[in-house]
Amino acid sequence: MRRVVITGLGVVSPLGTGVEPFWNRVKEGANGIRGITRFETGDLACRIAGEVVDRSEDPHGFDIDAFLDVKEQRRTGRFIHFAIAAAQEAINQAGIEPKTEAEKQRTGTIIATGVGGFPEMTAGTRLVDEKGPRRASPFLVPSFLANLAAGQVSIRHGLKGPIGAPVTACAASLQALGDAARLIRCGEADVMVAGGAEACIDRVSYAGFCAAKAMSSRRNDDPSHASRPFDKDRDGFIMGEGAGILILEDYEHARARGATILAELSSYATAADAHHVTASPPDGEGGLRAMRQALAGAGLTPADIGYVNAHSTSTPVGDSAEIAALNTLFEGRGKDLAVSSSKSLFGHLLGAAGAVEAVACVKALETGLLPPSRNLDNPDDAIAHFEMVPGKAVAREVSHVLTNGFGFGGVNASAVLSKV
C-alpha cells in the first residue's frame, strides 16, 4: 500500500480566502460569525451565520471575479465558485500541472458537499412557480448538482482520473479525503484534488434546521459568542459556508517531482451508527469505532495522538456523544492531549467542514500551533480534563493529529494526519 501525502492546500472560509489569512485568524481565535445579510431573518429562530464575505468588505474576502467571468458566474452555483477558488490555490501550491495524457489520467478529483447548490434550487423553484417553466435557465440543473464542483474543477484543469462527490452530510468532505487516499493507495491514481464545498445559507435550509431545533437561537444579538462547542451553555450549531481543498499525492510521486510535502494522511476510517437519522447514540459508539479503525490503519495507539480536532458542532446531544467517545478512546489521558473545535470560530460548514478543518490540522503540524476553541467559558465537566485550547492557539509540537467528521444518517469518519 502506497503512502499518501499532502502537497497543496486551498481555503475559502468565513475567516478569509486563502490559507495564510485563514490560518492567521484561526490561531488568534478570530470570530467569523455575524448577522445574516442575504435574506430577511426576522421570523427565523436563528438569524446568524458564518458567511463568506466579499473582498469589498475584507481585504482577504472572496473575489469571484478573480476566478470566473460574469457569464460563468451566472451559470454556476456559489458552492462551485468556492470549490474552483480553493482548488486553484491548492493546485498552485502543489505545482500540479498534468500535461501529458498519461498524467491527466492519473490525476483525479473528489469534491464533496452536503447539499450542493441549495440556494440555486430554491431560487429555481420560486422562478418556475412565479413565472413558469419557460423562464428556467438551461444552466439551472448544472448550477446545483452536487457532483458539479468536482466536475467543474476537473474540466478547468483537464483532470481525467477518478472523479466523485460524496454526499454524506457533515462527514462528506472528510470522506472525500478518505476516498481519494484509498484510490492512491491502491494504485488507481497518483494525485487527487480532494475536499469539499458548501453554500447552504438560505431561508429554506434555516427554516428546516430551526424546525429541528438544531441551531442556536439564544445569541442572535451576540453572534461572536453563539458557537460554543463543548461549553455547558451551548444550544445549537451556527451554519457556515466555504470550501477546503487538499492535494493528495503518492509519496514516491511527490518526491520524484521535488514537491514540498506538508503532511501525511496516515489513515482514514468510516463507520455507521445504525441508530437514528439525526442523533448519535449517547456513548458515541459509531464515532469511537471510526477513530479506533483510523488509529489501527496508521499503526498507532491513542497515546500517539497529540491533538484532536473534534467534530463538535455546539449541539447538546452531538457534543455529548463525541465527548463520551473521546473519553473511552483516550481513557487516562489528561492535559497532554489537546482537543478543540474549529466550528467555534467560523460555524459549521456542513459538507465542507471536514476538509477546511483538515487544512487547519495540516497547519498545526507545520507550525507547532494547535487551533483554539472560542467561547469555552464553562467547559463541559466530562471533557475539561483534556487541554481544551481556549482563546488562542497553544504552542505544542505534535506528530499525529486525529480529525473527526460525523453526519446525519449515522455517518462517522475519522482521519489521522501526521508529520513526515
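Each remark here, short or long, concerns the structure printed above.
Residues numbered from 1 in each chain as written. Predicted model: local features only at pLDDT ≥ 70, side-chain atom pairs only at ≥ 80, totals over all residues. Heavy atoms only, no water.

**A word on the overall build of the chain**
Counting its secondary structure elements, the chain contains 14 helices and 15 strands. Compactness check: the chain gives a C-alpha radius of gyration of 20 Å against a globular reference of 22 Å for 420 residues, within 12% of the reference. Counting only C-alpha atoms and orienting by the principal axes, one finds that the chain spans roughly 65 × 55 × 40 Å. A buried classification covers 60% of the 420 residues belonging to the chain. The long-range fraction of contacts in the chain, counting pairs at least 24 apart against all pairs at least 6 apart in sequence, stands at 79%. When the accessible surface of the chain is summed, it comes to about 15,600 Å², and 51% of that surface belongs to carbon and sulfur atoms. Distance between charge centroids for the chain: 3 Å, based on 42 positive and 49 negative side chains. (Helix = DSSP H or I, 4+ residues; strand = E, 2+ residues; numbered from the N terminus. Rg over C-alpha atoms; globule rule 2.2 N^0.38 Å. Buried < 20%, exposed > 50% of the residue type's maximum accessible area, 1.4 Å probe, protein only. Contact = heavy atoms within 4.5 Å. Areas by Shrake-Rupley, 256 points an atom, 1.4 Å probe, with all protein chains shown as cover. Lys, Arg positive; Asp, Glu negative; His and termini not counted. Charge placed at Lys NZ, Arg CZ, Asp CG, Glu CD.)

**Comments concerning the pattern of salt bridges**
If charged atoms from side chains of opposite charge come close, those side chains can pair. For the structure on display, the rule yields 29 salt bridges. With a closest N to O distance of 3.7 Å, Arg75 and Glu72 form a salt bridge. Taken together, the residues span about one helical turn, with Arg75 and Glu72 both in helix α2 (residues 70–75) at a distance of three residues. Several salt bridges converge on common partners, so that one network encompasses Arg34, Arg38, Glu51, Glu57, Arg78 and Glu241. (Salt bridge = Lys/Arg side-chain N within 4 Å of Asp/Glu carboxyl O.)

**A few points about the side chain of Thr113**
Locating Thr113 in the fold gives a position in the loop between β5 (107–112) and α5 (118–131). The buried category is assigned to Thr113, whose relative accessible area is 0%. A polar side-chain atom of Thr113 sits 2.9 Å from the main-chain carbonyl oxygen of Ala197. With sequence-adjacent residues up to four places away left out, Thr113 is seen in contact with Phe79, Ala146, Pro166, Val167, Thr168, Ala172, Ala197, Glu198 and Gly351. (Polar contact = N/O pair within 3.5 Å; in protein donor to acceptor, adjacent residues only side chain to side chain.)

**Considering helix α14 (residues 353–367)**
Taking 1.5 Å of rise per residue, 15 residues should cover 21 Å, and α14 covers 21 Å from first to last C-alpha, within 8% of that figure. When you tally the buried positions in α14, you get 13 out of 15 residues, the bulk of the element. Just downstream of α14, Gly368 is the residue with a positive phi angle, here 75 degrees. (Expected span 1.5 Å × (residues − 1).)

**Concerning the pairing of strand β14 (residues 400–407)**
Taken across its eight residues, β14 has eight buried, putting it largely inside the fold. Neither face of β14 is left uncovered, since the one carrying His400, Leu402, Asn404 and Phe406 and the one carrying Val401, Thr403, Gly405 and Gly407 both have all their residues buried. With three bridges joining them, strand β10 (residues 307–309) and β14 adopt parallel strand pairing. Bridged to Tyr307 within β14 is Val401. (Pairing = 2+ DSSP bridges.)

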